[in-house]
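Architecture at a glance
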Amino acid sequence: MKKVLYVILALACIYLVLCVMGPAVIKVERTATINASADAIKSQILDYNVFSKWSPWAEKDSAMKITIRGEVGKVGHRYEWDGNKAVGKGSMELTTVAADTIVEKLDFSGKGVSDVIFIFKPEGTGTNVTWAMNMPIGFFGRGMMLFMKGKMDEMLGGDFAKGLEKLKSIAEAAPAAATYEIKELAWDAKTYYGKKATLGFDKLADFFGETFPKIFEEAGKNKLELASAPSTIYFKWDTAAKTTDCAAVISFAKGDMKGWEKFDVPAGKVLQIEYFGAYQKVGPAHMAMDKYMKEKGLSQGLVIEEYVTDPMSQKDTAKWQTNIYYMVK
């Protein structure tokens, strides 16, 4: 019996030594050169609605249940899946969106959380794209990973390479990415009435759907003439906390709205984009604004979205017009 215990202790000691020697992080990456701009490639990665088109795992379970949340292209945009044994269950979420880098948090339910990173570098007329993953390994799993590291790299690396080939085919075949005309305009002072709130990104649609009808109803009772389309004033956008301080508002030609909050937006300089498309896909237009401001050395103030088109009367989302204004200095 003692010999058995000694053997067990010896094996345990050996395994602990292996754990000390084993990797704390498994790093897997593959790179491909794609004959398309970084922005065109990023548009495929930042929109989880099209992820299945180039995902190397989509073909492993055609019946996989997918749920997509959050605003396309923005931190907090989230993809959740629940599939067969080949793909498992989990989620991925945008955590960083920069000019040359995209970072996602990949969570395999019950199997750990990893960082997935896309890095973009100019390569001639195209873009060099690196798809990488850093997978933390718990101490007692490192002994096993000492021998599995190569197999993990081969397995996941093969999937990454296959995904990049699909991404390459789609990006190179896609029409040029949408470009946005950014106008520098003078903004006249304007007064709005509405309601302000601090909300999670996932609560915005409900907030607008509840608030705007009430403003219209109150305006009708008071016979007020509209001076603007329904709008949102964004005071703060916190990507880390996934919350925003904003107000659902409307401006009127004369009179005021008793019982509603008043918001005075002073005269100044604004940048404007006339965006056409579904509200949840407005992210790239805001990214274009960010890029323009950095190039011009401008600092941002309030952000206003003005919803020109009534979605109840116009069913074609491609014709929905949203005027985006950035107050700048």
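The notes below deal with the structure included here. (Residues numbered from 1 in each chain as written. Predicted model: local features only at pLDDT ≥ 70, side-chain atom pairs only at ≥ 80, totals over all residues. Heavy atoms only, no water.)

Here we look at helix α6 (residues 283-296)
Turn by turn, an α-helix covers 3.6 residues, leaving residues three or four places apart pointing in a common direction. Counted only if it meets this: A run of DSSP states H or I qualifies as a helix once it reaches four residues; a run of E qualifies as a strand once it reaches two. Both are numbered from the N-terminal end. Expected helix span is given by 1.5 Å per residue-to-residue step, counting one fewer step than there are residues. Buried residues are those whose accessible area, probed at 1.4 Å on protein chains only, stays under 20% of the maximum for their type, while exposed residues exceed 50% and partly exposed ones sit between those limits. Contacts were defined at the residue level, with two residues in contact if any of their heavy atoms lie within 4.5 Å.
For α6, built from 14 residues, the straight-helix expectation of 20 Å at 1.5 Å per residue is met to within 8% by its first-to-last C-alpha distance of 20 Å. Gly283, Ala285, His286, Met289, Tyr292 and Met293 are the residues of α6 that are buried. Buried positions along α6 lie against β8 (183-187), β13 (268-276), β14 (300-307) and β15 (321-328). Looking one or two residues past α6, Gly297 carries a phi angle of roughly 70°, positive in sign.

Examining the nonpolar core
The condition is simple: Residues enter a nonpolar core if they are buried and are Ala, Val, Leu, Ile, Met, Phe, Trp, Tyr or Cys, with the set joined through side-chain atoms within 4.5 Å.
Ranked by size, the top nonpolar core spans 31 residues in total, and within it Phe208, Phe252, Leu271, Ile324 and Tyr326 carry the most contacts. With 6 residues, helix α5 (residues 204-221) is the largest single contributor of residues to this core. Not counting the four nearest positions on each side in its chain, Phe208 is found in contact with Pro213, Thr232, Tyr234, Ala248 and Tyr307. By size, the runner-up hydrophobic cluster in this structure holds 30 residues, among which are Met64, Phe118, Trp131 and Met133.

Quick look at the sheet that holds β13
For clarity, the cut-off: Pairing between strands is defined by DSSP: at least two bridges between the two strands are required. For helices, the fitted axis covers only the stretch in contact; all axes are lines through C-alpha atoms, and the angles between them, taken along N-to-C directions, range from 0 to 180 degrees.
With respect to topology, 8 strands assemble into an open sheet ordered β8-β13-β15-β14-β10-β11-β9-β12, the strand pairing being antiparallel. Each of the sheet's edge strands pairs with one partner strand only, and the pair in question is β8 and β12 (261-265). Neighbour-to-neighbour, the strand axes of the sheet open up by a mean angle of 35°, direction not taken into account. α5 rests against β9 (190-200), β10 (231-238), β11 (243-251) and β14 of the sheet, and its axis sits at about 20° to β11.

Some words on the pattern of salt bridges
This is how it is decided: Think of a salt bridge as a Lys or Arg side-chain nitrogen and an Asp or Glu carboxyl oxygen that are within 4 Å of each other.
In this structure the tally under the stated criterion is 13 salt bridges. A salt bridge links Glu172 to Lys168; the nearest nitrogen and oxygen atoms lie 2.9 Å apart. Highlighted residues: Glu172 and Lys168, both in helix α4 (residues 142-173), separated by 4 residues, approximately one helical turn. Its salt-bridge partner being Lys221, residue Glu217 comes within 3.8 Å of it at the nearest N-O pair. Linking Glu217 with Lys221, this pair stays in helix α5, spanning 4 residues, or about one helical turn. Among the charged side chains, a salt-bridge network with shared partners connects Arg69, Arg78, Glu80, Glu93 and Lys242.

Quick look at the packing of aromatic side chains
Our working rule: Side-chain rings of Phe, Tyr and Trp, where Trp is taken by its six-membered ring, are said to pair if the distance between their centres is within 6.5 Å; with planes under 30 degrees apart they count as stacked, over 60 as edge-to-face, and otherwise as tilted. The criterion for a charge sitting over a ring is simple: Lys NZ or Arg CZ within 6 Å of the ring centre, and within 35 degrees of the ring normal.
This model, assessed by the stated rule, comprises 22 aromatic pairs. With 6.3 Å between their ring centres and 80° between their planes, Trp54 and Phe118 make a pair best called edge-to-face. Of this pair, Trp54 sits in helix α3 (residues 51-54) while Phe118 sits in strand β6 (residues 112-123), placing them 64 residues apart in sequence. Phe118 shares its class with Trp54; the two are buried. With centroids separated by 6.5 Å and ring planes inclined at 80°, the aromatic side chains of Trp57 and Phe160 adopt a geometry described as edge-to-face. You can see Trp57 sitting in the loop between α3 and β2 (65-69) and its partner Phe160 sitting in helix α4, a full 103 residues away along the chain. Taken together, the ring pairs in this structure connect Tyr48, Phe51, Trp54, Trp57, Tyr79, Trp81, Phe108, Phe118, Trp131 and Phe160 into an aromatic cluster. In this arrangement the basic side chain of Lys74 is found over the ring face of Trp237, its NZ or CZ atom lying 5.6 Å from the centre.

Overview of the environment of Ile68
Mapped onto the fold, Ile68 is located in strand β2. We classify Ile68 as partly exposed; its relative accessible area is 32%. Taking the C-alpha atoms as reference, Ile68 lies 9.9 Å from Met92; in sequence the two are 24 residues apart. What Ile68 contacts, discounting residues up to four positions off in sequence, is Tyr48, Asn49, His77, Arg78 and Tyr79.

Brief notes about unusual backbone geometry
The phi torsion at Lys223 lies on the positive side, around 50°, for a residue other than glycine. Mapped onto the secondary structure, Lys223 falls in the loop between α5 and β10. Positive phi is not limited to glycine here, since Lys242 has a value of about 60°.

Side note on the pairing of β11
Taken across its 9 residues, β11 has 7 buried, putting it largely inside the fold. Pairing between β9 and β11: 9 bridges, direction antiparallel. Within β11, the position partnered with Thr198 by the bridge is Asp245. Sheet topology places β10 next to β11; 7 bridges connect them, and they run antiparallel. Note on β11: the bridge partner recorded for Trp237 is Thr244. Connecting β10 to the antiparallel partner β11 that follows it, the hairpin turn spans 4 residues, and Lys242 within it adopts a positive phi of roughly 60°.

Scope: geometric values only; no functional claims are made or implied.
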